[in-house]
Amino acid sequence: MSSVQLSTDQRIGRHDATVLAGTVALLLLVSVGSVFFGSAGLSIAEVLTGLRGIRDGLSATLPVAQIVLLRLLRIGLGVLVGASLGLSGFLLQTAFRNPLADSYLLGVSGGAQLAVTIVALVGVPVTAGFIPVMITAPLLGSLAVLVLLLIISHRIGHDLLAFLLSGLALSYMLSAMYSILVSTRPDILSNTVFWSWMGLNRASGSAMLVVGVGLAIAVPVVMGMMRPLRSYLVGDDFAMNVGVNVKRTRVGMLFISVILAATDVAAAGVVGFAGLFSPHLARMLTRRTDRSFVVLTMLMGSIVVVVGDLIARSVSASEIPLNTVLSLFGAPYLIWLSVKARRAV
């Protein structure tokens, strides 16, 4: 290796390390700031009192400690959900080679919402035996969507645009089925709407565990797939020429991304556009698609969700749904991406 190439690699490595360190610092800053702000209107002194109460084991009896503990749980869940959505978005955009791909647009969230609606319609208790129904139902709903997507993929073949449009059509169909079920039983409307809008306001250790397990399984697998993923991004022909099984790689990316999105929906309800944002924000800071880019994408997802939750619970006395906040920024960004892609053609 020439000294020029070595010097270039060293500069790129230092740049990536600096970017990652700065992004981690920004996430820490946002997280610390989120502890001190919220609709409860606690002063800095009260927040510090709450933190001391948590340290001393008084979170069950001290009101300010309860509020601060809830904020800490929301921040922790937001970091995990954002990282998971960021990784899911990266995998989907890679699988489709399309910057507009997102689990929210492919019916994964719709499948989870429909499953929760069916559970409410049937009247299944929140916990059946040792099984938390409100976690397993959206997981099963999202997996059902994955099966449908794989069937569609088998029929369509290598036409990624047709597959993306089919996923969007599936999303609309699931939304229509949800509306039909709710219209026949208006009494379940409040439960299903509250669940889909819940965001991080029902943060708990079990919710963090669900998302954390998904990440713990997915991250090592994705890191081990980076070489074939980079070849896959060049194109199917190139990937096959270097020995990559294109179909298996694509199905693997879809499976992992849907599982990640399902755990996010199970823990935090419907959270749109965070998976769409994150890879683009990371791409603004680095052009390489490697392991550091994956980590950067996950960090960006965490920042987006934590900031979105901070806005959701701070702008008014009654909390705004997290999905609504992200959609206010995500929809214009999606339009801008569409226009940009059209101009590039």
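Residues numbered from 1 in each chain as written. Predicted model: local features only at pLDDT ≥ 70, side-chain atom pairs only at ≥ 80, totals over all residues. Heavy atoms only, no water.

Participant: Report on helix H8 (residues 205–224), specifying residues and quantitative values.
Facilitator: Between the first and last C-alpha of H8 there are 29 Å, a value that for 20 residues agrees with the 28 Å anticipated at 1.5 Å per step. Those residues of H8 that sit buried are Ala-207, Val-210, Val-211, Gly-214, Leu-215, Ala-218, Val-222 and Met-223. (Helix = DSSP H or I, 4+ residues; strand = E, 2+ residues; numbered from the N terminus. Expected span 1.5 Å × (residues − 1). Buried < 20%, exposed > 50% of the residue type's maximum accessible area, 1.4 Å probe, protein only.)

Participant: Now, about the nonpolar core: what can you tell me, with residues and values included?
Facilitator: Formed by 64 residues in total, the largest nonpolar core has its most connected members in Leu-77, Leu-87, Phe-90, Leu-91, Phe-96, Val-222 and Val-294. With ten residues, helix H3 (residues 63–96) is the largest single contributor of residues to this core. Val-222 has contacts with Leu-87, Phe-90, Leu-91, Ile-256 and Val-294, leaving out every residue within four places of it along the chain. Counting residues in hydrophobic clusters, the runner-up holds six residues, among them Val-35, Leu-42, Val-68 and Ile-75. (Core = buried A, V, L, I, M, F, W, Y, C linked by side-chain atoms within 4.5 Å. Contact = heavy atoms within 4.5 Å.)

Participant: Go over the pattern of salt bridges with me, naming the residues and quoting the values.
Facilitator: Taken as a whole, this structure holds five salt bridges when the rule is applied. Residue Arg-74 pairs with Asp-309 through a salt bridge whose shortest N-O separation is 2.5 Å. Remark: Asp-309 occurs in helix H13 (residues 291–312) and Arg-74 occurs in helix H3; sequence separation between them is 235 residues. What makes Asp-309 buried here is its relative accessible area of 3%. A salt bridge links Asp-309 to Arg-313; its shortest N-O distance comes to 3.0 Å. By relative accessible area, which is 4% here, Arg-313 ends up buried. Several salt bridges share partner residues, and in doing so they unite Arg-74, Asp-309 and Arg-313 into one network. (Salt bridge = Lys/Arg side-chain N within 4 Å of Asp/Glu carboxyl O.)

Participant: Which residues make up the packing of helix H4 (residues 108–122) against helix H11 (residues 246–268), and what values do they have?
Facilitator: For the pair H4 and H11, the least separation of the axes is 10 Å and the interaxial angle reads 45°. Judged by the angle between their axes, H4 and H11 are oblique. Considering only the axes of H4 and H11, their crossing is right-handed. The segment H4 lies against H11, with Val-108, Ser-109 and Ala-112 engaging Val-258, Ala-261, Ala-262 and Val-265. (Axes fitted to C-alpha atoms, helices over the stretch in contact; angles between N-to-C directions. Parallel < 35°, antiparallel > 145°, perpendicular 65-115°, else oblique. Left-handed = near helix turned anticlockwise from the far one by under 90°.)

Participant: Can you lay out the packing of aromatic side chains for me, pointing to particular residues and giving the numbers?
Facilitator: By the definition in use, this model includes one aromatic pair. Aromatic side chains Phe-90 and Phe-293 sit 5.8 Å apart centroid to centroid with 65° between the ring planes, which places their arrangement in the edge-to-face category. Of this pair, Phe-90 sits in helix H3 while Phe-293 sits in helix H13, and the two are 203 residues apart along the sequence. There is no split in this pair, since Phe-90 and Phe-293 are both buried. When the ring centre of Tyr-232 is taken as reference, the NZ or CZ atom of Arg-97 above it lies at 4.1 Å. Above the face of the Phe-293 ring, Arg-283 is positioned so that its terminal group lies 4.0 Å from the ring centre. (Phe/Tyr/Trp six-rings, centres within 6.5 Å; stacked < 30°, edge-to-face > 60°. Lys NZ or Arg CZ within 6 Å of the ring centre and 35° of its normal.)

Participant: Can you tell me about the environment of Val-68, naming the residues and giving the values?
Facilitator: Residue placement: Val-68 occurs in helix H3. Taking the relative accessible area as the measure of exposure, Val-68 reaches 0% and is therefore buried. On a C-alpha basis, the gap between Val-68 and Leu-48 in space is 8.9 Å, while along the polypeptide they are 20 residues apart. The residues contacting Val-68, other than those within four sequence positions of it, are Val-35, Leu-42, Val-47, Gly-50, Leu-51 and Ile-54.

Participant: Explain the confidence of the model for the chain to me, and be specific about the residues and the numbers.
Facilitator: Of the residues in the chain, 86% reach a pLDDT of 70 or more, and the chain-wide mean stands at 81. Of all the helices and strands in the chain, strand S1 (residues 127–128) carries the lowest mean pLDDT, 47, while H13 carries the highest, 92. (pLDDT = per-residue confidence, 0-100.)

Participant: Outline empty space enclosed by the protein, listing residues and values.
Facilitator: Per the counting criterion, the structure on display carries one cavity of 30 Å³ or more. One number sums up the size of the largest cavity: a volume of about 50 Å³. Around the largest cavity, the lining residues are Val-81, Leu-85, Ser-103, Tyr-104, Ser-109, Ala-261, Asp-264, Val-265, Gly-269 and Val-271. Counting residues per element, the ones that place at least two in the lining of the largest cavity are H3 and H11. (1 Å grid on protein atoms, 1.4 Å probe; cavity = no way out; pocket = protein on both sides within 12 Å on 5 of 7 lines; lining within 4 Å. Points joined across faces, edges and corners; volume = space filled by probe spheres on them.)

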